[in-house]
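Chain by chain, the residues run as shown.
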Amino acid sequence: MGHGNYIPSIVATRQETVFVKDSFEETLSGGAERHYVVEEGATLKVVCSVLPGKSSSFDIEVDIVGEGASVELFGAYLTGSSEDVSFNIIMHHRVGRSCSRQLFKGIAGGKSKVRFDGRIIVAPDAQQIEAYQENHNIVLSEDARVETKPQLEIYADDVKCSHGATVGKLSEEEQFYMRSRGIPESEAKVLQMISFLSPVLSRLEESGRDVFEREVRSLA
């Protein structure tokens, strides 16, 4: 954990900048470019959503500049044909006593491509922070492609940070279990996919959850 490559200043970005001074929430659908600056004691919650049929790109950068700030980023995405979906997420912890959590979950089908690039950067003076990043994926077809690259750059010592990523398929054992109890195969797949996405879907309004569930059924 050296400090040699750390850039301490906030660099101007091409994204739309949002200054968060209190509490701010928004849902981003079908792609967006955002730069959030989160000040002392403020809370930021953002949900990114992607439905089948459209390529989407999310370019999100967060600068936590005040102690006591809290950030939650969530993402749910579905692809079923030839969509190209990408996430570029950068989380800067520039001060201590702040926290962030990222959870992105998606299902890729058809010949679609999904890319997730995520970085958590912890400044030298950002002690006693917590930062977590997860990206989990299910692939429905042999032609679908998922590339995921979560990264940590930690220049402080007293921190709690973790990152992880998975790419897998629907569990045949779970399907067998449900089918043995009279649930048709197609419905078993739907239940699996909805359950997989539910930690993110729970962050959406009811109408948004209903739309995702309908789209999941069309992919099963």
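Residues numbered from 1 in each chain as written. Predicted model: local features only at pLDDT ≥ 70, side-chain atom pairs only at ≥ 80, totals over all residues. Heavy atoms only, no water.

Concerning the side chain of glutamine 102
Then comes step 1: By the secondary structure assignment, glutamine 102 is in strand S8 (residues 99-108).
Then comes step 2: At 3.0 Å, the side chain of glutamine 102 forms a polar contact with the side chain of glutamine 133.
Then comes step 3: Residues contacting glutamine 102, with those up to four places away along its chain left out, are Leu73, Ile89, Met91, Ile120, Tyr132, Gln133 and Glu134. (Helix = DSSP H or I, 4+ residues; strand = E, 2+ residues; numbered from the N terminus. Polar contact = N/O pair within 3.5 Å; in protein donor to acceptor, adjacent residues only side chain to side chain. Contact = heavy atoms within 4.5 Å.)

Section: the nonpolar core
Then comes step 1: Tyr36, Val38, Ile60, Val62, Leu73 and Phe87 are the most contacted members of the largest nonpolar core, which has 38 residues in total.
Then comes step 2: Excluding its chain neighbours within four sequence positions, the residues that come into contact with phenylalanine 87 are Cys48, Val50, Phe58, Tyr77, Phe104, Arg115, Phe116 and Asp117.
Then comes step 3: Counting residues in hydrophobic clusters, the runner-up holds 18 residues, among them Leu103, Ile107, Ile194 and Leu204. (Core = buried A, V, L, I, M, F, W, Y, C linked by side-chain atoms within 4.5 Å. Buried < 20%, exposed > 50% of the residue type's maximum accessible area, 1.4 Å probe, protein only.)

Points about the packing of helix H1 (residues 172-179) against helix H2 (residues 185-201)
Then comes step 1: As a packed pair, H1 and H2 sit with axes 9 Å apart at the nearest point and diverge in direction by 125°. Here H1 lies oblique to H2, going by the angle between them. You can see that H1 and H2 cross each other, and the crossing is right-handed. Residue-level contacts link Glu174, Gln175, Met178 and Arg179 of H1 to Glu185, Ala188, Lys189, Leu191 and Gln192 of H2.
Then comes step 2: A breakdown of the residues in the contact of H1 with H2 according to their chemical character gives 3 nonpolar, 2 polar and 4 charged. (Axes fitted to C-alpha atoms, helices over the stretch in contact; angles between N-to-C directions. Parallel < 35°, antiparallel > 145°, perpendicular 65-115°, else oblique. Left-handed = near helix turned anticlockwise from the far one by under 90°. Nonpolar A, V, L, I, M, F, W, Y, C, P; charged D, E, K, R; others polar.)

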